[in-house]
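So the chains spell out like this:
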Amino acid sequence: MTVTNADEPATVTLSNRQPEVGVRITANLDNPDGSARNDSWKWEQCASLNADSTVCSGTLTNIVGATSATFEPTEANLNQYLQATVTYTDSAMGENLGGTNVDESKSDTASMASAFVVQAKTTTNATPQQFADQDPNVGGKQTVRYIKENSDSSTRVVVNQDGMTLDDTNPSNDNVDATDADATDDDTGDELTYMLSGRDQSSFEIDWANGQITLKEGTELNYETKNTYAVVVTATDSSLASDTITVTINVIDVNEAPVIMERGLNVSGLAFVSYEENSTAVVANYSATGPDSAGARLALEGTDSSLFSLSQSGDLTFNAAPNFESPASQSGDNSYRLTVRAAMGSLSDTQAVTVTVTNVDEDGTATISPTTQPSVGVELTASLTDLDSVTGSNPDGEITSNVSWQWARSTSNTDPSSWSAIAGATQATYTPVEADAGNYLQATASYTDRQGPGKSAEAVTSAMVVGASATPNDGSVSLSPAQPVVDTAVTARLTDPDGTPTGRVSWQWEWSTSSSASGSWTAISGATSASYTPVKADGGRYLRATATYTDADGPNQTAVGITANAVAIHRYDSNADGEIDRGEVIAAITEFLFGSGANKITRDEVIEVINLFLGFG
């Protein structure tokens, strides 16, 4: 008997039931025939839905340019339903070719419409959800539900402790639902979307409209092997504000007849994982289970598998930290699809995995140009970028609106409390005046990005402002490395806009008597070349190089450079205070025991760090 594959219809789900102007919505394709190929998307809008409220009815209007799985509504979509449609091919379409190839000339489509029309962008959105905490004695919001072992798929998880009694008079009592916490904010009435996450999310499903948890198809509940499950329910409104609650699901024991155990091999692990961008931590862990799992090997395959690694202990990791603003998945969105396979001899099993990368509120970066030493009367320009504001048309994330600036001056670039605001200097551009001479300048941006208001970033000039009467083309000295370390040479390099210095360049090295880069300086005897190797006595102190030279402006020109950080007595003196503390010893030992790579600390270095800590170095 040969079982042939049927072409089963796929379904589309939307990340947000209530679309809102300016809030990205993502469509996901769930295909029971396996991975889809050649999928293409389009978004349309309409004024009404069909009887079961899943797709549009009446006239559909195509949204020009909306051809990916994600779409950000605009004012043009207000009061309209959104519909996402995908056209794709899959392996079931190769049935007439023997089931081994996909007939690329054939394709299927699947659609899903938003449950509600696009609403205007909310301007004040307090977190509108509030789950009721049923166990206030436990940290975090908690609630409990029950279900009988051996239940069929789609069985409701209920409040009653017998795991069987359903409240058919008011079935919503079994829902894990949230209410609007702020009845006065302007998003009152937001429709909430419910999602599952947590340790055991792959065993259950949730109704995204009302929060009812049900048993997922293919999940077998066995009280004797596992009698407690934990999931996290997240309720999200149209502005992506959310609240969470941990749900403990207790399995109720029933009297069962004995069964005979068959041979088998299974992959155990999460099918759906939510993962924050910019991280390299373990995504999830997978293992081979079953009577024949001993010695089984794990491997990755599938669409996005090349972006991941899987250790033989089952830890799944990204090869490079993912970026929410620039997804690397084959589908071009932040859903990464792959398969974990366990194999032992002729036995094998697979687990389809979808890793959804979530957005993190990233800090902005301010810069001041030009980067050379500022002069009185020469205009400076501050600019701001923020990765949260990256779009297809703004790949650098530059922010030019919803931003205000404030310039300040200080004689120190290391003391945060020393800055004094410059009256009236509130634009992105500023021209230094004589009062700024001998001061550093700081530009601070206060702004709103796609994550919300209340953000700030600042930039400081690379050198103090020179007066209008000063030579405009003074030379500058750069020092490397930026972090000086005892017994490692520091090299000074002189550059001069007036051209290459002529004659013999005379060097004088000095070091500070305190840990402040702006302290008084004491000359280092005999240190008169372009490089200097710090000794232990320099630990915790800054270094300054002074060059005396001749250029096009004449003789006796001088330029100075100061190390960006104080001298560290060892590369494990992480705070460069000239001492090794207990935490730095622990870091060195941990690196020696568990680290890897060409720069891993050696045994001799560990001993050296310990001796420095004990005062023997």
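Each value, and the rule that gives it
Residues numbered from 1 in each chain as written. Predicted model: local features only at pLDDT ≥ 70, side-chain atom pairs only at ≥ 80, totals over all residues. Heavy atoms only, no water. Helix = DSSP H or I, 4+ residues; strand = E, 2+ residues; numbered from the N terminus. pLDDT = per-residue confidence, 0-100. Contact = heavy atoms within 4.5 Å. Pairing = 2+ DSSP bridges. Axes fitted to C-alpha atoms, helices over the stretch in contact; angles between N-to-C directions. Phe/Tyr/Trp six-rings, centres within 6.5 Å; stacked < 30°, edge-to-face > 60°. Buried < 20%, exposed > 50% of the residue type's maximum accessible area, 1.4 Å probe, protein only. Lys NZ or Arg CZ within 6 Å of the ring centre and 35° of its normal. Core = buried A, V, L, I, M, F, W, Y, C linked by side-chain atoms within 4.5 Å. Parallel < 35°, antiparallel > 145°, perpendicular 65-115°, else oblique. Nonpolar A, V, L, I, M, F, W, Y, C, P; charged D, E, K, R; others polar. Polar contact = N/O pair within 3.5 Å; in protein donor to acceptor, adjacent residues only side chain to side chain.

Caption draft 1: Quick peek at unusual backbone geometry. The peptide bond linking Ser369 to Pro370 adopts the cis configuration, its omega dihedral lying at -5°. Following the sequence through the fold, Pro370 ends up in the loop between β27 (365–369) and β28 (380–385). Put simply, Ser480 and Pro481 share a cis peptide bond, and its omega is 0°. On the secondary structure map, Pro481 appears in the loop between β34 (476–480) and β35 (490–495).

Caption draft 2: The arrangement of the confidence of the model for the protein chain in detail. Averaged over all residues, the pLDDT of the protein chain equals 81, while 81% of them reach at least 70. Every residue in residues 258–263 scores below 50 in pLDDT, and together they form four contacts with partners more than four places removed in sequence or on other chains.

Caption draft 3: Inspection of the sheet that holds strand β22 (residues 297–301) at higher detail. On the basis of which strands lie adjacent, the open sheet formed by four strands has the order β19-β26-β25-β22 and mixed pairing. Looking at the sheet topology across the chains shown, the edges are occupied by β19 (272–276) and β22. Pairwise comparison of adjacent strand axes, ignoring direction, gives a mean angle of 30° for this sheet. Here β22 runs beside strand β25 (residues 335–344); their pairing, made up of five bridges, is antiparallel. Looking at β25, one finds that Arg297 is bridged to Ala343.

Caption draft 4: Spotlight on the packing of aromatic side chains. Within the structure shown, the criterion is met by seven aromatic pairs. Their ring planes at 35° and their centres at 4.3 Å tell us that Phe308 and Phe318 sit as a pair that is tilted. Placement of Phe308 in strand β23 (residues 308–310) and of Phe318 in strand β24 (residues 315–318) is noted, with a sequence separation of ten residues between them. Across this residue pair, the class does not change: Phe308 and Phe318 are buried. Among the aromatic side chains, those forming a connected cluster through ring pairs are Tyr275, Phe308, Phe318 and Tyr336. Across from the ring centre of Phe592, 5.7 Å away, lies the NZ or CZ of Lys600, which sits over that ring.

Caption draft 5: Fine view of the sheet that holds strand β7 (residues 70–71). The strand order across the open sheet built from three strands is β1-β2-β7, with neighbouring strands paired in antiparallel fashion. At either margin of the open sheet sits one strand with a lone partner, and together these are β1 (11–14) and β7. Bridge count between strand β2 (residues 25–30) and β7: two bridges; the pairing is antiparallel. By the bridge assignment for β7, Ile25 is matched with Phe71.

Caption draft 6: The nonpolar core, seen in detail. In this structure, Val477, Leu479, Leu494, Leu543, Ile580 and Val609 are the most contacted members of the largest nonpolar core, which totals 24 residues. Looking at this core, the elements that each hand over two or more residues are β34, β35, β39 (543–551), α1 (582–594) and α2 (603–614). If you look at the next biggest cluster of nonpolar residues, it comprises 22 residues, including Ala296, Phe308, Ala342 and Val357.

Caption draft 7: Local environment of the packing of α1 against α2. Interhelical geometry of α1 versus α2 gives an angle of 170° and a closest axis separation of 10 Å. Viewed along their axes, α1 and α2 adopt a mutual orientation that is roughly antiparallel. Residues Arg582, Glu584, Val585, Ala588, Ile589 and Phe592 of α1 form the contact with α2, whose own contacting residues are Arg603, Val606, Val609, Ile610 and Phe613. The residue makeup of the contact of α1 with α2, split by class, is eight nonpolar, no polar and three charged.

Caption draft 8: Structural view of the side chain of Glu605. Here Glu605 lies in helix α2. In terms of polar contacts, Glu605 uses its side chain to reach the side chain of Arg571, at 3.1 Å. Discounting chain neighbours no more than four positions away, the residues touching Glu605 are His570, Arg571 and Lys600.

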